[in-house]
Amino acid sequence: LTCLFLASCSQREDINLGIRFSDSLNVYSENFEKGITTGNYSFPNGIPVLIKTTDSISNSQIGAIATSEFDNDSNWENWGKFKKTKQNGILLLVSKKPQLIQIRFGENLSLEAYKAGLSFGTKYRQMQETFISQGYENGLQEVLKELQKELPHSLELSWIMKMEKPGAKLVFNELSDLSTP
C-alpha cells in the first residue's frame, strides 16, 4: 500500500532542455549567448530557461508583458514537450529601454520560487538591482548564478507539500510560518 501511495505522487520528468535565447533585438552578442548556453549553468530536473528580449516598455508594463510572454505557447513549442516544458520552465524577460528584468516561473516551480524569494521579495529585488547595476551581460550572469544557487534548495519540499494543490500549499505554508518560534 505504501508503494502504491508513493507511486501516485507526481514527480518532475527529467527533460534536460537547458538555456535558450530569443533575442531579436541583438542585446546579447552571439559569443555571449553561446557562452551562457554551453557554460556552467545547470538547473535541477533539466529546468528549461528562456531568455527573451523586448524593446521599449514602461516600468509598470514589464510585469504584465512577462506574464503574457510566459503564457504564450509559441515561446515554448519548439522545445519538444512544450506543455511540460512551460510548466517546469523559467522565463527571463529582458527589457532594452529601460534596462529591466522580470522572471516568471512555470506552475510546477512557482510555489518553490515564491518560498525561496525568487519570484517575490528581497532576493527578487536584489536580482533586479544587480541586473540593472551590472549591465546586460554581467547582470544576466549574476541572475542566472543566483537562480542556479537558490532553486535546488527551494525544490526540496516535504512530501506532504508536494501532494497538495497549489492554492492550498500557499495557505498551508504561510500558516506553518506563523507556528514557528
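Placed above this text is the structure.
Residues numbered from 1 in each chain as written. Predicted model: local features only at pLDDT ≥ 70, side-chain atom pairs only at ≥ 80, totals over all residues. Heavy atoms only, no water.

## Looking at the overall build of the protein
Phase 1 of the analysis: The helix and strand tally for the protein stands at eight helices and four strands.
Phase 2 of the analysis: Sequence-ordered secondary structure for the protein, helices as α and strands as β, is α-β-α-β-α-α-β-β-α-α-α-α.
Phase 3 of the analysis: The burial tally for the protein puts 40% of its 181 residues in the buried class.
Phase 4 of the analysis: For the protein, contacts bridging at least 24 residues in sequence account for 67% of all contacts bridging at least 6.
Phase 5 of the analysis: Of the accessible surface of the protein, which amounts to about 10300 Å², a share of 51% is contributed by carbon and sulfur atoms. (Helix = DSSP H or I, 4+ residues; strand = E, 2+ residues; numbered from the N terminus. Buried < 20%, exposed > 50% of the residue type's maximum accessible area, 1.4 Å probe, protein only. Contact = heavy atoms within 4.5 Å. Areas by Shrake-Rupley, 256 points an atom, 1.4 Å probe, with all protein chains shown as cover.)

## A look at the pattern of salt bridges
Phase 1 of the analysis: Using the criterion set out here, one finds five salt bridges in the structure.
Phase 2 of the analysis: The salt bridge involving glutamate 69 is made with lysine 52; its shortest N-O contact spans 3.2 Å. In this pair, glutamate 69 sits in helix 3 (residues 62-71) while lysine 52 sits in strand 2 (residues 49-56), placing the two residues 17 residues apart along the sequence.
Phase 3 of the analysis: Assessed through its relative accessible area of 18%, glutamate 69 is described here as buried.
Phase 4 of the analysis: Classification of lysine 52 as buried rests on a relative accessible area of 15%.
Phase 5 of the analysis: A salt bridge links lysine 149 to glutamate 146; the nearest nitrogen and oxygen atoms lie 3.7 Å apart. Of this pair, lysine 149 and glutamate 146 both sit in helix 6 (residues 122-154), three residues apart, which is roughly one turn of the helix.
Phase 6 of the analysis: Overall, glutamate 146 belongs to the partly exposed group, its relative accessible area being 21%. (Salt bridge = Lys/Arg side-chain N within 4 Å of Asp/Glu carboxyl O.)

## Observations concerning the sheet that holds strand 1 (residues 19-22)
Phase 1 of the analysis: Within the open sheet, the four strands sit side by side as 1-2-3-4. Their pairing is mixed. Looking at which strands have only one partner, the edges of the open sheet turn out to be strand 1 and strand 4 (100-105). When strand polarity is set aside, the average angle formed by the axes of neighbouring strands in this sheet is 20°.
Phase 2 of the analysis: Pairing between strand 2 and strand 3 (residues 90-97): seven bridges, direction parallel. Bridging across to strand 3, threonine 54 finds its partner in serine 95.
Phase 3 of the analysis: Packing against the sheet, helix 2 (residues 30-38) makes contact with strand 1 and strand 2, and its axis sits at approximately 155° to strand 1.
Phase 4 of the analysis: Contacts from helix 3 reach strand 2, strand 3 and strand 4 within the one sheet, and its direction differs from that of strand 4 by about 45°. (Pairing = 2+ DSSP bridges. Axes fitted to C-alpha atoms, helices over the stretch in contact; angles between N-to-C directions.)

## Side note on unusual backbone geometry
Phase 1 of the analysis: With an omega of -5°, the peptide bond running from lysine 97 to proline 98 counts as cis.
Phase 2 of the analysis: Tracing the backbone through its elements, the reader meets proline 98 in the loop between strand 3 and strand 4.
Phase 3 of the analysis: Phi at asparagine 26 takes a positive value of approximately 55°, unusual for a residue other than glycine.
Phase 4 of the analysis: Within the fold, asparagine 26 resides in the loop between strand 1 and helix 2.
Phase 5 of the analysis: Judged by relative accessible area, asparagine 26 falls into the exposed class, the value being 62%.

## Points about the packing of aromatic side chains
Phase 1 of the analysis: Summed over all chains, the structure comprises six aromatic pairs.
Phase 2 of the analysis: Ring plane angle 65° and centroid distance 5.6 Å describe the contact between phenylalanine 21 and tyrosine 28, whose orientation is recorded as edge-to-face. Just as phenylalanine 21 is buried, tyrosine 28 falls in that class too.
Phase 3 of the analysis: Seen in terms of ring centroids, phenylalanine 70 and tryptophan 76 are 5.3 Å apart; in terms of plane orientation they differ by 65°. Their pairing is edge-to-face.
Phase 4 of the analysis: Of the aromatic side chains, those joined through ring pairs into one cluster are Phe21, Tyr28, Phe32, Phe131 and Tyr136. (Phe/Tyr/Trp six-rings, centres within 6.5 Å; stacked < 30°, edge-to-face > 60°.)

## So, helix 2
Note that an α-helix has 3.6 residues per turn; residues three or four places apart therefore point the same way.
Phase 1 of the analysis: All of the buried residues in helix 2 are Phe32, Glu33 and Ile36. The buried residues of helix 2 all sit within an arc of 95° when viewed along its axis, so they share a single face. The outward face of helix 2, more than 90 degrees from its buried face, is lined by the exposed residues Glu30, Asn31, Lys34 and Thr38. (Arc of directions from axis to C-beta.)

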